[in-house]
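Summary of the model geometry
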Amino acid sequence: MFFDGFTLETRDVAGQSLRLRRGGEGPPLLLLHGNPQTHAMWHRVAPVLAKRFTVVAPDLRGYGFSGKPGVSAEHAAHAKRAMAADMAALMEQLGHDRFQVVAHDRGARVAHRLALDHAARVERMCLMDVVPTLHHFEHADMAFAMGYYHWFWLAQPHPQPERLIEQDVELWFDIHTNREPKDRGFFHPDARADYLAALRLPGTVTSICEDYRAAATLDLVHDRESRAAGHRIACPLLALWGAKGKIGQWYDALAVWRDYATGPVSGHAVNSGHYLAEEAPEEVLAALEPFLRG
């Protein structure tokens, strides 16, 4: 069953509309999705985690069926600081002062900022298939530019990338998610349908581009300010990455994360491509089982 036992709802959080699923009982656990997806990416792991935790899986602002802030001069509405503030406010509204976080891709970048700006709220954190945004840009080379070309293309001025994507969002989705070759049956049909329905909503593609514009500008300002102030991840951190993807090829991921953390850092590769939670849910759950507290 697709999210069996979960409720689907929309909440107004500090003026921002957020769609989310909730299920389970136990300590609170926040799941944050990546691009170009929605919270539906957690469908293979969330029901298992809900046996131990109260699972909260929202669509990030701009993504899925959550609110679309639109274009802003400095892309501040899509900065990871704004997205992280949404998540802190959502969990507070739901009555969770402290919580654990599991996050993938863009959601992992939101979680990183959440752990810096709201450190007292985050107990433990698992980040999947990323290293810090700042590290990516400060160590960018030809391999990175070719492998993650979309970072630079989506960050081009509005509305250039949007106009091309919106000509055929399904074609773009298939190309964008094909960094390791896969057929259209890779994603669960209900998840794929949710991703595509969200992409067709007015404002979603613009928000995705604004997310990447923020990453290349304002997010770097915030990240450098945090580094200069000595702010690092204090909670225990589990880093997972796909063995078939780029992170392990380009970086010593654990060494990189230890430079951004004061707390313990552990982790390893998972036998998957970029979409760990959908491609290798059993391995992901096996890694989370001893790490999460509940």
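Described below are features of the structure shown in this document.

Conventions adopted
Residues numbered from 1 in each chain as written. Predicted model: local features only at pLDDT ≥ 70, side-chain atom pairs only at ≥ 80, totals over all residues. Heavy atoms only, no water. Helix = DSSP H or I, 4+ residues; strand = E, 2+ residues; numbered from the N terminus. Rg over C-alpha atoms; globule rule 2.2 N^0.38 Å. Buried < 20%, exposed > 50% of the residue type's maximum accessible area, 1.4 Å probe, protein only. Contact = heavy atoms within 4.5 Å. Areas by Shrake-Rupley, 256 points an atom, 1.4 Å probe, with all protein chains shown as cover. Lys, Arg positive; Asp, Glu negative; His and termini not counted. Charge placed at Lys NZ, Arg CZ, Asp CG, Glu CD. Pairing = 2+ DSSP bridges. Axes fitted to C-alpha atoms, helices over the stretch in contact; angles between N-to-C directions. Patch = residues over 30% accessible without salt bridge, like charges linked within 9 Å, V, L, I, M, F, W, Y side chains within 5 Å. Salt bridge = Lys/Arg side-chain N within 4 Å of Asp/Glu carboxyl O. Core = buried A, V, L, I, M, F, W, Y, C linked by side-chain atoms within 4.5 Å. Parallel < 35°, antiparallel > 145°, perpendicular 65-115°, else oblique. Nonpolar A, V, L, I, M, F, W, Y, C, P; charged D, E, K, R; others polar. Phe/Tyr/Trp six-rings, centres within 6.5 Å; stacked < 30°, edge-to-face > 60°. 1 Å grid on protein atoms, 1.4 Å probe; cavity = no way out; pocket = protein on both sides within 12 Å on 5 of 7 lines; lining within 4 Å. Points joined across faces, edges and corners; volume = space filled by probe spheres on them. Arc of directions from axis to C-beta. Left-handed = near helix turned anticlockwise from the far one by under 90°.

Now for the overall build of the protein. Along the protein, the regular secondary structure elements total 15 helices and 8 strands. Expected size for 294 residues packed as a compact globule is a radius of gyration near 19 Å; at 17 Å, the protein falls within 12% of this value. With respect to the principal axes defined by its C-alpha atoms, the protein has extents near 45 × 45 × 40 Å. Sorting the 294 residues of the protein into buried and exposed places 58% on the buried side. Partitioning the intrachain contacts of the protein with sequence separation of at least 6 by distance along the chain shows that 76% fall at a separation of at least 24. Summing over all exposed atoms, the protein offers an accessible surface of approximately 11,500 Å²; the carbon and sulfur share of this is 53%. Across the protein, 31 positive and 36 negative side-chain charges occur, with their mean positions spaced 2 Å apart.

Once that is clear, we can look at the sheet that holds strand β3 (residues 28–32). Within the open sheet, the 8 strands sit side by side as β1-β2-β4-β3-β5-β6-β7-β8. Their pairing is mixed. Edge positions in the sheet fall to β1 (7–13) and β8 (265–270), since each has one partner strand and no second. For this sheet the average axis-to-axis angle between neighbouring strands, irrespective of direction, equals 20°. In the sheet, β1 pairs with strand β2 (residues 16–23) via 7 bridges, with the strands oriented antiparallel. Following the sheet pairing, Thr-7 is matched in β2 by Arg-22. Packing of helix α2 (residues 80–93) onto the sheet brings it into contact with β1, β2, β3, β4 (54–58) and β5 (99–104), and relative to β1 it is tilted by some 110°.

What follows concerns a nonpolar patch on the surface. A grouping of Tyr-149, Leu-171 and Ile-175 is seen on the molecular surface, where their side chains present a nonpolar patch of about 300 Å² in accessible area. Topologically, Ile-175 is positioned in helix α8 (residues 169–176).

Membership of the largest hydrophobic core comes to 91 residues, with the highest contact counts inside it found for Trp-42, Leu-49, Val-101, Met-125 and Trp-257. Ranked by the residues each element gives to this core, the list is headed by α2, at 6 residues. Filtering out sequence-adjacent residues up to four positions away, Met-125 remains in contact with Val-101, Ala-111, His-112, Ala-115, Ile-233, Cys-235, Pro-236, Leu-237, Leu-238 and Phe-291.

Here the focus is the packing of α2 against helix α3 (residues 106–117). The N-to-C vectors of α2 and α3 enclose an angle of 75°; their axes lie 8 Å apart at closest approach. Relative to α3, the element α2 is oriented roughly perpendicular. Each of Lys-80, Arg-81, Met-83, Ala-84, Met-87 and Ala-88 in α2 lies in contact with α3, whose residues at this interface are Arg-106, Arg-109, Val-110, Arg-113, Leu-114 and Asp-117. Residue composition of the contact of α2 with α3, by class: 6 nonpolar, no polar and 6 charged.

Here we take up the packing of aromatic side chains. Aromatic ring pairs are described here by two measures, namely the spacing of the ring centres and the angle between the planes. Applying the stated criterion to the full structure yields 19 aromatic pairs. On the basis of an interplanar angle of 90° and a centroid distance of 5.7 Å, the ring pair of Phe-187 and Tyr-195 is categorised as edge-to-face. Taking the relative accessible area as the measure of exposure, Phe-187 reaches 4% and is therefore buried. Its relative accessible area of 0% is what places Tyr-195 among the buried residues.

This next bit is on the layout of surface pockets. Quantified by volume, the largest pocket comes out at close to 150 Å³. Classifying every residue of the lining of the largest pocket gives 4 nonpolar, 4 polar and 5 charged.

The subject of this paragraph is helix α15 (residues 281–291). Note: α-helices contain 3.6 residues per turn, so residues at a spacing of three or four share the same orientation. Among all positions of α15, only Pro-281, Val-284, Leu-285, Ala-287, Leu-288 and Phe-291 are buried. End-on view of α15: buried residues confined to an arc of 165°, all on one side of the axis. Exposed side of α15, more than 90 degrees from the buried face: Glu-282, Ala-286 and Pro-290 are the residues found there. Where the residues of α15 are buried, they touch α1 (46–49), β5, β6 (122–128), β7 (237–242), β8 and α14 (276–279).

As a packed pair, α8 and helix α9 (residues 189–199) sit with axes 10 Å apart at the nearest point and diverge in direction by 125°. Accordingly, the angle class assigned to the pair α8 and α9 is oblique. The hand of the α8/α9 crossing is right-handed. Seen from α8, the contacting residues are Val-169, Glu-170, Trp-172, Phe-173 and Asp-174; seen from α9, they are Arg-192, Tyr-195, Leu-196 and Leu-199. Here the contact of α8 with α9 is built from residues that sort into 6 nonpolar, no polar and 3 charged.

As enumerated under the stated definition, the model contains 23 salt bridges in all. A salt bridge links Glu-9 to Arg-11; its shortest N-O distance comes to 2.8 Å. The salt bridge involving Asp-174 is made with Arg-184; its shortest N-O contact spans 3.0 Å. Separated by 10 residues along the polypeptide, Asp-174 in helix α8 and Arg-184 in the loop between α8 and α9 bring together distant segments of the chain.

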